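# Chains, contacts and geometry: an overview
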Amino acid sequence: MTAARKVLVTGGAGFIGANFVRYWSECYPSDRIIVLDALTYAGNLANLESVAAGDNYRFVHGNILDVATIDELMLGEQVDTIVHFAAESHVDRSIHEPDAFIQTNVIGTNNLLMAARKHWIDSDSGPAAHLFHHVSTDEVYGTLGPDDPAFTEQTLYAPNSPYAASKAASDHLVRSYHHTFGMQVTTSNCSNNYGPYQFPEKLIPLMIVNAVTGKPLPVYGDGSNIRDWLYVEDHCRGIDRVINQGQRGATYNIGGNNEWRNIDIVNQLCKSIDAAFEADDQLAAHFPDAPAAGGKKTESLITFVKDRLGHDWRYAIDATLAESELGYKPLESFESGFQLTLNWMLQNEMWWRAVMDGSYRDWISKNYSADD
Ligand code: NAD
Ligand code: TYD
């Protein structure tokens, strides 16, 4: 597709979606971007401030559970490309409140597919070319032992959390619309993302916020669980490759080639924060509750807490297919990506304080008591 596209980005006010909207509007300024987002606790218009001024951009406050809204947008905007990020995305929440995950991740994805089918396949006036790109996760493949090979696109699905199960269901629905109705679809399954605008309930931003505000750093279990970490902009580059070059109907794994144990990440993060405070006196004045402000080690905050139920031990992505077929390669090492993320969090206190108000704090205190 070379002509300007009309791209519907669902969940574009969330962490990865907002990074993607900014990335895409810079790379493809003639494409029109329509963001559809329900602004749940994880969605935030502040994430989109830098793109909000563009003429080729529209934000719609709406829910993918609302079929009429999707229909109206598909028709009114003559959408030819859907990039589907909208989801409930936090494993811990899915353990306590799975229903919202089934609603948004399964029913919501099906609503989008039904609307796409109606406007792209069943209609005589559909666009000449179309694409439904579905953003998914490596968690659909289950968990790995220490010597298991990394997940490939052929690995059998074995989702272990309600979150992973709901994403697996949505992947299967997308696949079925290709097979049954001939819809042009692509799916990417990626590893753990980190970077600017990530809601501070996920490991890395949560630990940074707690470290600078002097709160415990809760490490689940013994901290030996392993994740493959992917800087969010590398993920956006990977999605770009899949959308522009990927085979229709295919799935691509996108990873960072960065496997780390949780405890090693947290230790590294503590050292980086200590170094940042040593290098910049103003940080101590700004974050007086941080141990580093008083010359103490941030690692003193590390607290081992009760393990997550059904906690997957290891995720690892084999991105050979995306590398060989699409030329995908992550640009950031974990060290460089982490430094970018830490700097962003230190410079954007207003952002994380604003998103962490009210409902989120209530939820955390209800589900995770201090002695957990
Ligand atoms: P996020 O939780 O930060 O953002 C989700 C966004 O979707 C929010 O803006 C929210 O308001 C919106 N949303 C939720 N329910 C909605 C609904 N019913 N209708 C419309 N909008 C709704 O999530 P994220 O981390 O940016 O993840 C984006 C996608 O990437 C998800 O599909 C997730 O499964 C996938 N993914 C994320 C990671 C990761 O490490 N964060 C890893 C692999 C895959
Ligand atoms: P998370 O960021 O929630 O991503 P996911 O569950 O999708 O991998 O968690 C990453 C890892 O960090 C996971 O093994 C759980 C662990 N973890 C903690 O040890 N403490 C925490 O406070 C959080 C949020 C996660």
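Right above here is the structure, for reference.
Now for a quick tour of the structure.

The rules behind each value
- Residues numbered from 1 in each chain as written.
- Chains lettered and ligands numbered in written order.
- Predicted model: local features only at pLDDT ≥ 70, side-chain atom pairs only at ≥ 80, totals over all residues.
- Heavy atoms only, no water.
- Helix = DSSP H or I, 4+ residues; strand = E, 2+ residues; numbered from the N terminus.
- Rg over C-alpha atoms; globule rule 2.2 N^0.38 Å.
- Buried < 20%, exposed > 50% of the residue type's maximum accessible area, 1.4 Å probe, protein only.
- Contact = heavy atoms within 4.5 Å.
- Areas by Shrake-Rupley, 256 points an atom, 1.4 Å probe, with all protein chains shown as cover.
- Lys, Arg positive; Asp, Glu negative; His and termini not counted.
- Charge placed at Lys NZ, Arg CZ, Asp CG, Glu CD.
- Near = heavy atom within 4 Å.
- Polar contact = N/O pair within 3.5 Å; in protein donor to acceptor, adjacent residues only side chain to side chain.
- Nonpolar A, V, L, I, M, F, W, Y, C, P; charged D, E, K, R; others polar.
- Expected span 1.5 Å × (residues − 1).
- Pairing = 2+ DSSP bridges.
- Axes fitted to C-alpha atoms, helices over the stretch in contact; angles between N-to-C directions.
- 1 Å grid on protein atoms, 1.4 Å probe; cavity = no way out; pocket = protein on both sides within 12 Å on 5 of 7 lines; lining within 4 Å.
- Points joined across faces, edges and corners; volume = space filled by probe spheres on them.
- Phe/Tyr/Trp six-rings, centres within 6.5 Å; stacked < 30°, edge-to-face > 60°.

### Remarks on the overall build of the protein chain
Counting its secondary structure elements, the protein chain contains 13 helices and twelve strands. Here the C-alpha radius of gyration of the protein chain, 20 Å, is about what a compact globule of 372 residues would show, namely 21 Å. Per-residue burial for the protein chain yields a buried fraction of 54% across its 372 residues. Sequence-distant contacts in the protein chain: of pairs separated by 6 or more residues, those separated by 24 or more amount to 82%. Here the protein chain displays about 15800 Å² of accessible surface, and carbon together with sulfur accounts for 51% of that area. Each charge class in the protein chain can be summarised by its mean position, and for the 27 positive and 48 negative side chains these summaries are 1 Å apart.

### Details of the site of ligand 2
Taken together, 18 residues surround ligand 2, and among them Glu-139, Pro-218, Arg-227, Arg-308 and His-311 come closest. One nitrogen or oxygen atom from the main chain of Leu-203 is found 2.9 Å from an oxygen atom belonging to ligand 2. With respect to ligand 2, the backbone of Pro-218 contributes an N or O atom lying 2.7 Å from a nitrogen atom. For ligand 2, the protein covers 96% of the area, taking 510 Å² as the surface of the free molecule. Taken together, the elements giving at least two residues each to the shell around ligand 2 come down to α6 (203-213) and β8 (217-220). Partitioning the shell around ligand 2 into residue classes produces eight nonpolar, five polar and five charged.

### Describing helix α7 (residues 232-245)
If you check α7, its first and last C-alpha atoms are 20 Å apart, about what 14 residues at 1.5 Å a residue would give, namely 20 Å. The set of residues buried in α7 consists of Val-232, Asp-234, His-235, Cys-236, Gly-238, Ile-239, Asp-240, Val-242 and Ile-243.

### Quick notes on the site of ligand 1
Near ligand 1 you find 28 residues, and of these Asp-37, Asn-63, Ser-89, Tyr-163 and Lys-167 are the closest. Take Leu-39: an N or O atom from its main chain is 3.4 Å from an oxygen atom of ligand 1. At 3.0 Å from a nitrogen atom of ligand 1 is found a side-chain nitrogen or oxygen belonging to Thr-104. For ligand 1, whose accessible area on its own is 840 Å², the fraction buried by protein is 97%. Those elements that provide at least two residues to the shell around ligand 1 are α1 (15-27), β5 (131-137), α5 (162-181) and β7 (192-194). Residues belonging to the shell around ligand 1 are distributed by class as follows: 13 nonpolar, 13 polar and two charged.

### A word on the sheet that holds strand β10 (residues 251-254)
Spatially, β3-β2-β1-β4-β5-β6-β10 is the arrangement adopted by the seven strands of the open sheet, whose pairing is parallel. Of all strands in the sheet, those bounded by a partner on one side alone are β3 (57-61) and β10. Direction aside, the axes of adjacent strands within the sheet are offset by 20 degrees on average. As judged from the four bridges shared by strand β1 (residues 6-10) and strand β4 (residues 81-84), these two strands associate in the parallel manner. Residue pairing for β4: Thr-10 is matched across the bridge by His-84. Here α1 sits on the sheet in contact with β1, β2 (32-37), β3 and β4, set at roughly 170 degrees to β2.

### With respect to the layout of surface pockets
Size it by volume and the second largest pocket reaches roughly 290 Å³. Every residue lining the second largest pocket is counted, 15 residues in all, and those nearest its centre are Tyr-157, Asp-171, Arg-175, Gly-249 and Thr-251. Only α5 and β6 (185-190) provide two or more residues apiece to the lining of the second largest pocket. The dominant element in the lining of the second largest pocket, judged by the number of residues it contributes, is α5, at six residues. In terms of residue class, the lining of the second largest pocket is made up of five nonpolar, seven polar and three charged.

### Focus: empty space enclosed by the protein
Evaluated as defined, the whole model comprises one cavity of 30 Å³ or more. Estimated volume of the largest cavity: approximately 40 Å³. Along its surface, the largest cavity is lined by Tyr-41, Ala-42, Gly-43, Asn-44, Asn-47, Tyr-197, Phe-199, Trp-351 and Val-355. For the lining of the largest cavity, the class distribution of residues is six nonpolar, three polar and no charged.

### A look at the packing of aromatic side chains
Summed over the entire model, instances satisfying the criterion amount to 18 aromatic pairs. With a centroid separation of 4.3 Å and 40 degrees between ring planes, the pair formed by Trp-24 and Tyr-28 is classed as tilted. Judged by relative accessible area, which is 2%, Trp-24 ranks as buried. According to the relative accessible area criterion, Tyr-28 is partly exposed, its value standing at 21%.

### Side note on the environment of Thr-180
For Thr-180, the position within the fold is in helix α5. Thr-180 sits 120 residues away from Ser-300 along the chain, and the two C-alpha atoms are 56 Å apart.

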